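If you want the building blocks of each chain, they are given just below.
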Amino acid sequence: MGFASIITSNFIGLRYFNQSYKTNDGLYSNSPWLDQNFNTIQLWSRIPLSEKIQASVQIPYHYNTRELEEGNQSISGIGDITLLGLYRLVQSHADSLVYKHSVYLGGGLKIPTGAYDESNNGSVNPSFQLGTGSWDYFLLTEYTLRKNKWGLNNMINYIIKTKNKKDYQFGNQFNYGSTLFYLLEINNFTIAPQVGIAGEVYDSNELRGLTLKNTSGDILFSKIGFEMGKNKISLGAHAFVPIQQNLTGGLVEANYRWNVYFNYSL
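First, a word on what this report is: a plain description of the structure on this page.

Conventions we followed
All residue numbers refer to position in the chain's written sequence, counted from 1. At least 70 in pLDDT is required for a residue's local features to be given in this predicted model, at least 80 for side-chain atom pairs to be given and counted, and no such filter applies to totals for whole chains, interfaces and linings, which use all residues. Working from all heavy atoms in the structure, the side-chain values ignore hydrogens and water. A pair of strands is labelled paired if DSSP reports no fewer than 2 bridges between them. Helix and strand definitions follow DSSP, with helices as H or I runs of at least four residues and strands as E runs of at least two, each counted in order from the N terminus. Definition of a polar contact: a pair of N or O atoms within 3.5 Å, with one able to donate and the other able to accept a hydrogen when the atoms are protein atoms, and with sequence-neighbouring residues admitted only if both atoms are side-chain atoms. Residue contacts follow a heavy-atom distance rule, with two residues in contact if any of their heavy atoms lie within 4.5 Å. In this scheme Phe, Tyr and Trp rings, the latter by its six-membered ring, pair at centre separations within 6.5 Å, and the angle between planes marks the pair as stacked below 30 degrees, edge-to-face above 60, and tilted otherwise. Think of it in three bands: residues with accessible area under 20% of the maximum for their type are buried, residues over 50% are exposed, and the middle band is partly exposed, with areas taken using a 1.4 Å probe on protein chains only.

**A few points about the sheet that holds strand 13 (residues 206–207)**
Here's step 1: Taken in spatial order, the three strands of this open sheet run 9-13-14, and their pairing is antiparallel. Here the strands that pair on one side only, and so sit at the sheet edges, are strand 9 (168–169) and strand 14 (210–211).
Here's step 2: In this structure, strand 9 lies alongside strand 13, joined through two bridges in antiparallel fashion. By the bridge assignment for strand 13, Gln169 is matched with Glu206.

Encoded structure:
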């Protein structure tokens, strides 16, 4: 879902997002498709430590539900906390051309504060968890280009995942996104409509060093949304609709994602 706000570079806020999926065990041609919903309330922030260094913290609380042939299941609780550091490598502008751009490089880690249930390993979607149970590591870069009121924000990150205490290892993950936005300012009020794409690529999971079938995949979303703010307060919302996907050998399909957030500028 990204680590940045379009309107303000430094903030603390609350973000809610919902992810809707359907799964099929593939055992029979008429096996039913069953719904899964992932709900997250997240405290997120991007805090300046110096002129060029920023820190980002994300603390999630999950409430996930899914249909099973024998009934419904739900799990809830705190998820894995993410800590990131970002360094501004480049920031330049030229008033005569009315453009500017910035480049951030960063890294961080995900702390296994969320509960991991090994009994879910063999299910169609082994990611139905509150946490991975593992220490995972982030590498990321962010590039923003602006000219007049138009801007383009690009982000890529790579997550290196390690084995947890149950000898289960989720596959490494590559995320990317590009968002075109327009800044409309009226008095002290700013609104930024946005369109873009976002994608994810997953490597296969492993159990005791053995690669697990139907656990890799990729997905590409279209993205539309807005952010608006006045003084130090801002609100935003986005909707994500799949363009192309191949998750877990076609046994899991994403329906949509959406989020809303409320930020206070620092």
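**Describing the side chain of Arg88**
Here's step 1: Within the secondary structure, Arg88 is located in strand 5 (residues 81–94).
Here's step 2: Among the polar contacts made by the side chain of Arg88, one reaches the main-chain carbonyl oxygen of Glu51 at a distance of 3.3 Å.
Here's step 3: Separated by 3.5 Å, the side chains of Arg88 and Gln91 make a polar contact.
Here's step 4: Each residue touching Arg88, except ones within four places of it in the same chain, is listed here: Glu51, Lys52, Val103 and Tyr104.

**A short note on the packing of aromatic side chains**
Between two aromatic rings, the relevant description is the distance of the centres plus the angle of the planes.
Here's step 1: Going through the model one piece at a time under the given rule, you end up with eleven aromatic pairs.
Here's step 2: When the centroid spacing of 5.6 Å and the interplanar angle of 80° are considered together, the rings of Tyr21 and Phe38 count as edge-to-face. With a gap of 17 residues between them, Tyr21 in strand 1 (residues 11–23) and Phe38 in strand 2 (residues 34–48) connect regions that are remote in the sequence.
Here's step 3: By relative accessible area, which is 9% here, Phe38 ends up buried.
Here's step 4: Grouping aromatic residues by their ring pairs yields a cluster made of Phe11, Trp44 and Tyr261.

The values are spatial; any link to function lies outside them.
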